[in-house]
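Structural overview for review
What follows is each chain in one-letter form.
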Amino acid sequence: EAGVTQSPTHLIKTRGQQATLRCSPISGHTSVYWYQQALGLGLQFLLWYDEGEERNRGNFPPRFSGRQFPNYSSELNVNALELEDSALYLCASSSTGLAGVTGQFFGPGTRLTVL
Amino acid sequence: AQSVTQLDSHVSVSEGTPVLLRCNYSSSYSPSLFWYVQHPNKGLQLLLKYTSAATLVKGINGFEAEFKKSETSFHLTKPSAHMSDAAEYFCVVREDTGYSTLTFGKGTMLLVSP
């Protein structure tokens, strides 16, 4: 069974640009979660999508946004990039409503570097 | 509200000696608790989970954790460390209510020396 996949592996942008990160969940999973892992800040929850809707949002500005497609894959968009957005962005998936029971399954991440 | 505190940012052990990674949590509701491991340049892997069943939870690679409600702790242990255990470990809490999400601790780096 294929795990969670993310693309691209690495992304280099300059300040002010926009970045788009993509995630495909495990087959059968309908919930997708996004996390930011920045140096010294640990893993911080960004967004949670389930059945195409945003269910919860972390403490991030509106320039962090995303969506979930009918096939349950997801996209994270970061507008007006700032240097401090440089981080590893992790995507995770779970079956709907079962994240507390089964846990979330993580992809390998996208390393975003903002110059 | 939920939170989790990993008491050590780094733990160093010798190969073959026991491992103890400490975690305390805070939760207003009945929590689910997890330990994840992250090897260098890899994603996060679920080690084990507690979801209100047995308080002693066994996970992969010989790790186990004990849920102690009175102490609000969920420490991770392994009887004998292996070199391949060197990685960063995250304690995670989730309140079982509504659209609650996972809250991660800041991580403990486990260093294993020969």
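Keep in mind that what you see is a predicted model, and the values were worked out from it rather than measured.

A few words now on the overall build of chain B. Per the secondary structure count, chain B includes zero helices and twelve strands. N-terminal to C-terminal, the α/β element order of chain B is β-β-β-β-β-β-β-β-β-β-β-β. Taken over the C-alpha trace, chain B has a radius of gyration of 14 Å; the compact-globule value for 114 residues is 13 Å, and the two agree within 12%. Overall, chain B is about 45 × 30 × 20 Å in size when its C-alpha atoms are taken along their principal axes. Looking at chain B residue by residue over its 114 residues, the buried ones come to 46%.

Residue and element names in this part refer to chain A. Within the fold, serine 93 resides in strand E9 (residues 87-94). Reaching out from serine 93, the side chain makes a polar contact with the side chain of histidine 29 at a distance of 2.8 Å. With residues up to four places along the chain from it excluded, the contact list for serine 93 reads Val4, Pro25, Ile26, His29, Ser31, Val32, Tyr33, Gly103, Gln104 and Phe105.

A few words now on the confidence of the model for chain B. On average, chain B scores 91 in pLDDT, and the residues at 70 or more come to 96%. Across chain B, the element-wise mean pLDDT spans from 90 in strand E11 (residues 103-104) of chain B up to 98 in strand E3 (residues 19-21) of chain B.

Attention now goes to the interface of chain A and chain B. Between chain A and chain B, the contact holds 19 residues from the first and 18 residues from the second. Linking chain A with chain B are zero salt bridges, by the criterion used here. Our count for the chain A to chain B interface comes out at two residue pairs in polar contact (both at pLDDT 80 or more). Of all the elements in the fold, those that place two or more residues in the side of chain A that touches chain B are strand E4 (31-38), strand E5 (42-50), strand E6 (53-57), E9 and helix H1 (99-102) of chain A. Broken down by element, the side of chain A that touches chain B gets its largest block of residues, four residues, from H1 of chain A.

A separate point is the sheet that holds strand E3 (residues 19-24) of chain A. All names here are of chain A. Strand order in the open sheet formed by four strands is E1-E3-E8-E7, with antiparallel pairing between adjacent strands. Edge positions in the sheet fall to strand E1 (5-7) and strand E7 (64-68), since each of these pairs with one other strand and no more. Averaged over all pairs of adjacent strands, the angle between strand axes in this sheet comes to 20 degrees, irrespective of strand direction. Pairing geometry for E7 and strand E8 (residues 74-78), over five bridges, is antiparallel. Residue pairing across strands places glutamine 68 opposite serine 74, the latter belonging to E8.

All names here are of chain B. Counted by the stated rule, this structure contains two disulfides over all chains. Residue pairing for cysteine 23: its cysteine sulfur links by disulfide to cysteine 91, the two sulfurs lying 2.0 Å apart. Looking down the S-S bond of the cysteine 23 and cysteine 91 bridge, the torsion is -65 degrees, so its handedness is left-handed. A residue pair is termed long-range when its members are at least 10 positions apart, and cysteine 23 in strand E4 (residues 23-26) and cysteine 91 in strand E10 (residues 87-95) qualify at 68 residues. Taken individually, cysteine 23 and cysteine 91 each receive the classification buried, so the pair is uniform in this respect.

Residues and elements named next belong to chain A. Here the amide bond leading from serine 7 into proline 8 is cis, since omega sits at -10 degrees, within 30 degrees of zero. Structurally, proline 8 can be placed in the loop between E1 and strand E2 (10-13). Even without being a glycine, tyrosine 72 presents a positive backbone phi close to 75 degrees. Its place among the elements puts tyrosine 72 in the loop between E7 and E8. The exposure class assigned to tyrosine 72 is partly exposed, which follows from its relative accessible area of 28%.

Turning next to the side chain of histidine 29 of chain A. All names here are of chain A. Relative to the helices and strands, histidine 29 is located in the loop between E3 and E4. At 3.4 Å, the side chain of histidine 29 and the backbone nitrogen of serine 94 are in polar contact. With residues near it in sequence (within four places) discarded, histidine 29 still touches Tyr72, Ser93, Ser94, Ser95 and Phe105.

Time to look at the environment of glutamine 6 of chain B. All names here are of chain B. Structurally, glutamine 6 is set in strand E1 (residues 3-6). For the pair glutamine 6 and asparagine 24, spaced 18 residues apart in sequence, the C-alpha to C-alpha distance is 6.5 Å. In contact with glutamine 6, not counting residues within four places along its chain, are Arg22, Trp35, Tyr89, Phe90, Cys91, Gly105, Lys106, Gly107 and Thr108. A polar atom in the side chain of glutamine 6 sits 3.0 Å from the backbone nitrogen of cysteine 91.

Reading guide: rules and limits
- Residues numbered from 1 in each chain as written.
- Chains lettered and ligands numbered in written order.
- Predicted model: local features only at pLDDT ≥ 70, side-chain atom pairs only at ≥ 80, totals over all residues.
- Heavy atoms only, no water.
- Helix = DSSP H or I, 4+ residues; strand = E, 2+ residues; numbered from the N terminus.
- Rg over C-alpha atoms; globule rule 2.2 N^0.38 Å.
- Buried < 20%, exposed > 50% of the residue type's maximum accessible area, 1.4 Å probe, protein only.
- Polar contact = N/O pair within 3.5 Å; in protein donor to acceptor, adjacent residues only side chain to side chain.
- Contact = heavy atoms within 4.5 Å.
- pLDDT = per-residue confidence, 0-100.
- Salt bridge = Lys/Arg side-chain N within 4 Å of Asp/Glu carboxyl O.
- Pairing = 2+ DSSP bridges.
- Axes fitted to C-alpha atoms, helices over the stretch in contact; angles between N-to-C directions.
- Disulfide = S-S within 2.5 Å.

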